[in-house]
Amino acid sequence: MGKVSKTQLENLFIKVDARLKKQIALYIIGGASAILGYNVTKVTNDVDVDGAIDSDLNQIFDEEAKKLNLDLYLSSKGVFFPPDDYRSRTKFKEFPKNKLRVWYLNQYDLAISKIDRGLDKDFDDIKRVHEKSPYDRDKLINIFNEEYINVVATGNLREKKMNLIDLIVNLFGDKSIEDTKIKLKF
């Protein structure tokens, strides 16, 4: 596992695109979305995707990653609980030969999908995105409430709200805690 930058990931996708024989759409999630979409450099060894992975794409990806000395593989086995209708908000990256179309999460859907687990490494990813492209606290809370908690969230909703409160305190400081609790009806 090593650090991966936006440039490295883009170069890998360019190499993959050059070898593809058919058009493929890839929805990347998790840390790879933070890297590609928000120029975050992070330690990872996988590129998590939402959906099945085409076998030709998988083989080409593995071969090109190896050539570039990147310890990366495609994975569709990650934990991913995004807000409702997240695909309509994904952002698009097309590569030079136009065979590979990569969609990455918008920063709010990325944050909400990562806080579902509440792991420190996920909070670190969100913090790095915030440093590059600051979140609007109210928009984050609104999407969390309207398109996640009230629509698709399962399990312990109190815990999920606590995770969001922890994240908001980390991003915006203690002064925002009471207002956040009110908006979350906590």
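Residues numbered from 1 in each chain as written. Predicted model: local features only at pLDDT ≥ 70, side-chain atom pairs only at ≥ 80, totals over all residues. Heavy atoms only, no water.

## Examining the overall build of the protein
Here's step 1: Regarding its fold elements, the protein presents 8 helices and 7 strands.
Here's step 2: Its C-alpha atoms give the protein a radius of gyration of 17 Å, within 12% of the compact-globule value 16 Å for 186 residues.
Here's step 3: With respect to the three principal axes, the spread of C-alpha positions in the protein is 55 × 30 × 25 Å.
Here's step 4: Looking at the protein residue by residue over its 186 residues, the buried ones come to 47%.
Here's step 5: Looking at the protein alone, contacts between residues at least 24 apart form 72% of all its contacts between residues at least 6 apart. (Helix = DSSP H or I, 4+ residues; strand = E, 2+ residues; numbered from the N terminus. Rg over C-alpha atoms; globule rule 2.2 N^0.38 Å. Buried < 20%, exposed > 50% of the residue type's maximum accessible area, 1.4 Å probe, protein only. Contact = heavy atoms within 4.5 Å.)

## Overview of the pairing of strand E2 (residues 24–28)
Here's step 1: Counting buried residues in E2 gives 4 out of 5 residues, a clear majority hidden from the surface.
Here's step 2: Note: E2 against strand E7 (residues 100–104), 5 bridges, orientation parallel. Residue pairing in the sheet places Leu26 in a bridge with Val102 of E7. (Pairing = 2+ DSSP bridges.)

## Focus on the side chain of Ser75
Here's step 1: Checked against the element boundaries, Ser75 lands in strand E5 (residues 73–75).
Here's step 2: If sequence neighbours within four positions are ignored, Ser75 has contacts with Asp46, Val47, Asp48, Val49 and Ile53.

## Let's talk about the packing of helix H4 (residues 107–115) against helix H6 (residues 137–149)
Angle between the axes and distance between the axes are the two parameters that describe a pair of packed helices.
Here's step 1: Interhelical geometry of H4 versus H6 gives an angle of 65 degrees and a closest axis separation of 10 Å. With respect to H6, the axis of H4 lies roughly perpendicular. Relative to H6, H4 is oriented so that their crossing is right-handed. Between H4, through Tyr108, Asp109, Ala111, Ile112 and Ile115, and H6, the contact on the second element is made entirely by Lys139, Leu140, Ile143, Phe144 and Tyr148.
Here's step 2: For the contact of H4 with H6, the class distribution of residues is 8 nonpolar, no polar and 2 charged. (Axes fitted to C-alpha atoms, helices over the stretch in contact; angles between N-to-C directions. Parallel < 35°, antiparallel > 145°, perpendicular 65-115°, else oblique. Left-handed = near helix turned anticlockwise from the far one by under 90°. Nonpolar A, V, L, I, M, F, W, Y, C, P; charged D, E, K, R; others polar.)

## What about the sheet that holds E7?
Here's step 1: Reading across from one edge, E2-E7-E6 is the order of the 3 strands in this open sheet, with mixed pairing throughout. The open sheet has two edge strands, E2 and strand E6 (91–94), and neither has a second partner. Looking at each pair of strands side by side, their axes are set apart by 25 degrees on average, direction ignored.
Here's step 2: With respect to the sheet, helix H2 (residues 30–38) is in contact with E2, E6 and E7, its orientation differing from that of E7 by roughly 105 degrees.

## Considering the pattern of salt bridges
Side chains that carry opposite charge are capable of pairing whenever their charged atoms lie near each other.
Here's step 1: Within this structure, the stated rule accounts for 18 salt bridges.
Here's step 2: Taking the shortest distance from any N to any O, the salt bridge between Lys114 and Asp125 comes out at 2.9 Å. On the criterion of sequence distance, the pair formed by Lys114 in helix H4 and Asp125 in helix H5 (residues 120–132) is long-range, its members being 11 residues apart. The pair formed by Lys114 and Asp125 is uniform in burial state, with each residue classed as buried.
Here's step 3: Lys183 is paired through a salt bridge with Asp138; the nearest N and O atoms lie 2.5 Å apart. With Lys183 in helix H8 (residues 177–183) and Asp138 in helix H6, this pair connects stretches of sequence that are 45 residues apart.
Here's step 4: Using a relative accessible area of 31% as the deciding quantity, one classes Lys183 as partly exposed.
Here's step 5: For Asp138, a relative accessible area of 38% gives the class partly exposed.
Here's step 6: One network of salt bridges, with partners in common, ties together Lys42, Lys114, Asp122, Asp125 and Arg128. (Salt bridge = Lys/Arg side-chain N within 4 Å of Asp/Glu carboxyl O.)

## Here's the deal with the side chain of Lys160
Here's step 1: Looking at the element boundaries, Lys160 is found in helix H7 (residues 157–172).
Here's step 2: Residue Lys160 is classed as buried on the basis of its relative accessible area of 11%.
Here's step 3: Other than its neighbours up to four places away in sequence, Lys160 contacts Asp116, Phe144, Tyr148, Ile149, Ala153 and Thr154.

## Digging into the packing of H4 against H5
Here's step 1: Orientation of H4 relative to H5, taken along the N-to-C sense of each, is 165 degrees, at an axis distance of 9 Å. In terms of orientation, H4 and H5 fall into the roughly antiparallel class. Taken as a pair, H4 and H5 cross one another with a handedness that is left-handed. Each of Gln107, Leu110, Ala111, Lys114 and Ile115 in H4 lies in contact with H5, whose residues at this interface are Asp122, Phe123, Asp125, Ile126 and Val129.
Here's step 2: Split into classes, the residues belonging to the contact of H4 with H5 amount to 6 nonpolar, 1 polar and 3 charged.

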